[in-house]
Amino acid sequence: MSKTCTHLAGIAGVTPSALGCEECLKIGSSWVHLRLCRTCGHVGCCDSSPNKHATRHFRATGHPIIEGYDPPEGWGWCYVDKKFVDLGGCTTPQRGPIPRFV
Ligand SMILES: [Zn+2]
Ligand SMILES: [Zn+2]
Ligand SMILES: [Zn+2]
């Protein structure tokens, strides 16, 4: 098992696809935390959320790295290596206030 994540080199500067979880906004569902795909900019929700869209996005696309996104906190997660990764200053600014369902 390798100690370092080799996928960090592949992360891109992305534009978030939506202000909140793209799929949850479409179906009117709520989420707990947001995760941003650093390969394509897909915004999904975390595994504590009912729909786990970020994990589903990884299963569907194989995009390995997501960023903790509400707000950007400087850490990421690699689904392939199952490891937290340090994004340093390389975070993605939010495009606007995050919509919330109450
Ligand atoms: Zn990795
Ligand atoms: Zn979602
Ligand atoms: Zn993606």
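Our subject in this report is the structure included herewith. Counting restarts for each chain: residues are numbered from 1 in the order of the written sequence. By the order in which they are written, chains take letters starting at A while ligands take numbers starting at 1. Local features in this predicted model are restricted to residues of pLDDT 70 or higher, and side-chain atom pairs are both shown and tallied only at a pLDDT of 80 or more, whereas totals for entire chains, interfaces and linings draw on every residue. Excluding hydrogens and water, the side-chain values take into account all heavy atoms of the structure.

Concerning the coordination of the zinc ion (ligand 1)
Logical step 1: For the zinc ion (ligand 1), the full set of protein donor atoms is Cys5 (SG), His7 (ND1), Cys78 (SG) and Asp81 (OD), and the range of their distances to it is 1.9 to 2.3 Å.
Logical step 2: Donors, by definition, are the N, O and S atoms found within 2.8 Å of a metal, the threshold being 3.2 Å for Na, K and Ca, and water is not counted, so a site can look incomplete. In terms of primary sequence, the donors binding the zinc ion (ligand 1) are separated according to C-x1-H-x70-C-x2-D. On the criterion of sequence distance, the pair formed by histidine 7 in the segment before helix H1 (22-27) and cysteine 78 in strand S4 (residues 72-78) is long-range, its members being 71 residues apart.
Logical step 3: Only protein chains enter the calculation, and the probe is 1.4 Å; a residue is then buried if its accessible area is under 20% of its type maximum, exposed if over 50%, and partly exposed in between. The class of histidine 7 is partly exposed, set by a relative accessible area of 23%. Think of it this way: any DSSP run of H or I at least four residues long counts as a helix, any run of E at least two long counts as a strand, and we number them from the N terminus.

Examining the pattern of salt bridges
Logical step 1: Each reported salt bridge corresponds to a side-chain nitrogen of Lys or Arg within 4 Å of a carboxyl oxygen of Asp or Glu. Within the structure shown, the criterion is met by 2 salt bridges.
Logical step 2: Note that glutamate 22 and lysine 26 form a salt bridge whose closest N and O atoms lie 4.0 Å from each other. Highlighted residues: glutamate 22 and lysine 26, both in helix H1, separated by 4 residues, approximately one helical turn.
Logical step 3: When its relative accessible area of 24% is taken as the criterion, glutamate 22 is described as partly exposed.
Logical step 4: On the accessibility criterion, lysine 26 (65% relative accessible area) is exposed.
Logical step 5: Two residues, glutamate 67 and arginine 38, come together in a salt bridge whose shortest N-O distance is 2.7 Å. With glutamate 67 in strand S3 (residues 65-69) and arginine 38 in the loop between strand S1 (34-37) and strand S2 (43-45), this residue pair connects regions lying 29 residues apart in the sequence.

As for the environment of histidine 53
Logical step 1: Position of histidine 53 among the secondary structure elements: in helix H2 (residues 53-61).
Logical step 2: For the pair histidine 53 and alanine 12, spaced 41 residues apart in the sequence, the C-alpha separation amounts to 20 Å.
Logical step 3: Contact partners of histidine 53, with chain neighbours within four places excluded, come to Cys21, Glu23, Cys24, Ile27, His42, Gly44 and Cys45. For this analysis, residues touch if any pair of their heavy atoms sits within 4.5 Å.

Considerations on the sheet that holds S1
Logical step 1: Here we have 5 strands laid out as an open sheet, ordered S2-S1-S3-S4-S5, and antiparallel in their pairing. Two strands bound the open sheet, and with one partner strand each, they are S2 and strand S5 (83-86). Averaged over neighbouring strand pairs, the angle between their axes works out to 35° when direction is ignored.
Logical step 2: In the sheet, S1 pairs with S2 via 3 bridges, with the strands oriented antiparallel. Across the sheet, leucine 36 pairs through a bridge with valine 43, a residue of S2.
Logical step 3: Axis definition: a line fit to C-alpha positions, over the contact stretch in the case of helices; interaxial angles, taken between N-to-C directions, run 0 to 180 degrees. With respect to the sheet, H2 is in contact with S1 and S2, its orientation differing from that of S2 by roughly 120°. Two strands are said to pair when DSSP picks up at least two bridges between them.

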